[in-house]
Amino acid sequence: MKPKILVAGGIAAVMAGALLLSACDERQQRPPPKRAEQGREETRSIRNTEAIGYSGNAIADKIDGALDTSEQRQQELDRALEQQEQ
């Protein structure tokens, strides 16, 4: 009866060792590659709507363009204001 217990214990030890070694797989330890962030901070959440079927990148690109144009216009107005104050 004792040899069967030793064999079963040995098999269990080998199985446990195999599980421990497979848990240390190098591929699982690497972090996923990060994508380069696109666009502005304000529109990054809009870009994430691609996952639910919206064309988030196209929408975010249009919003980015509108924000860029708005900022350019604001800078032009600020420059004009500064010139008038001088």
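Residues numbered from 1 in each chain as written. Predicted model: local features only at pLDDT ≥ 70, side-chain atom pairs only at ≥ 80, totals over all residues. Heavy atoms only, no water.

**Comments concerning the overall build of the protein**
Looking only at helices and strands, one finds four helices and zero strands in the protein. In sequence order, the protein lays out its α and β elements as α-α-α-α. The buried share of the protein, taken over its 86 residues, is 7%. Here the protein has roughly 7900 Å² of accessible surface; of this, 58% comes from carbon and sulfur atoms. (Helix = DSSP H or I, 4+ residues; strand = E, 2+ residues; numbered from the N terminus. Buried < 20%, exposed > 50% of the residue type's maximum accessible area, 1.4 Å probe, protein only. Areas by Shrake-Rupley, 256 points an atom, 1.4 Å probe, with all protein chains shown as cover.)

**Some details on the confidence of the model for the protein**
Detailed reading of the predicted coordinates is not advisable wherever pLDDT is low. Averaged over every residue, the pLDDT of the protein is 77; the share at 70 or more is 58%. For the protein, the element scoring lowest by mean pLDDT is helix H2 (residues 26-29), at 58; helix H4 (residues 56-85) scores highest, at 93. (pLDDT = per-residue confidence, 0-100.)

**A short note on a nonpolar patch on the surface**
Where nonpolar side chains cluster on the molecular surface, the patch consists of Ile52, Tyr54, Ile59 and Ile63 and spans about 400 Å² of accessible area. Among the structural elements, Tyr54 can be located in the loop between helix H3 (44-47) and H4. (Patch = residues over 30% accessible without salt bridge, like charges linked within 9 Å, V, L, I, M, F, W, Y side chains within 5 Å. Salt bridge = Lys/Arg side-chain N within 4 Å of Asp/Glu carboxyl O.)

**Comments concerning the pattern of salt bridges**
Counted according to the given criterion, the structure contains four salt bridges. Residues Arg44 and Glu41 are paired through a salt bridge, measuring 2.6 Å at the closest nitrogen-oxygen approach. Looking at Arg44, the relative accessible area reads 26%, which means it is partly exposed. For the salt bridge of Arg47 with Asp64, the shortest nitrogen-to-oxygen distance reads 2.9 Å. With Arg47 in helix H3 and Asp64 in helix H4, this residue pair connects regions lying 17 residues apart in the sequence.

**A word on H4**
Quick reminder: α-helices carry 3.6 residues per turn. Residues three or four places apart thus point the same way. For H4, with 30 residues, the first-to-last C-alpha span of 43 Å sits near the 44 Å given by 1.5 Å per residue. The inward-facing, buried residues of H4 abut H3. (Expected span 1.5 Å × (residues − 1). Contact = heavy atoms within 4.5 Å.)

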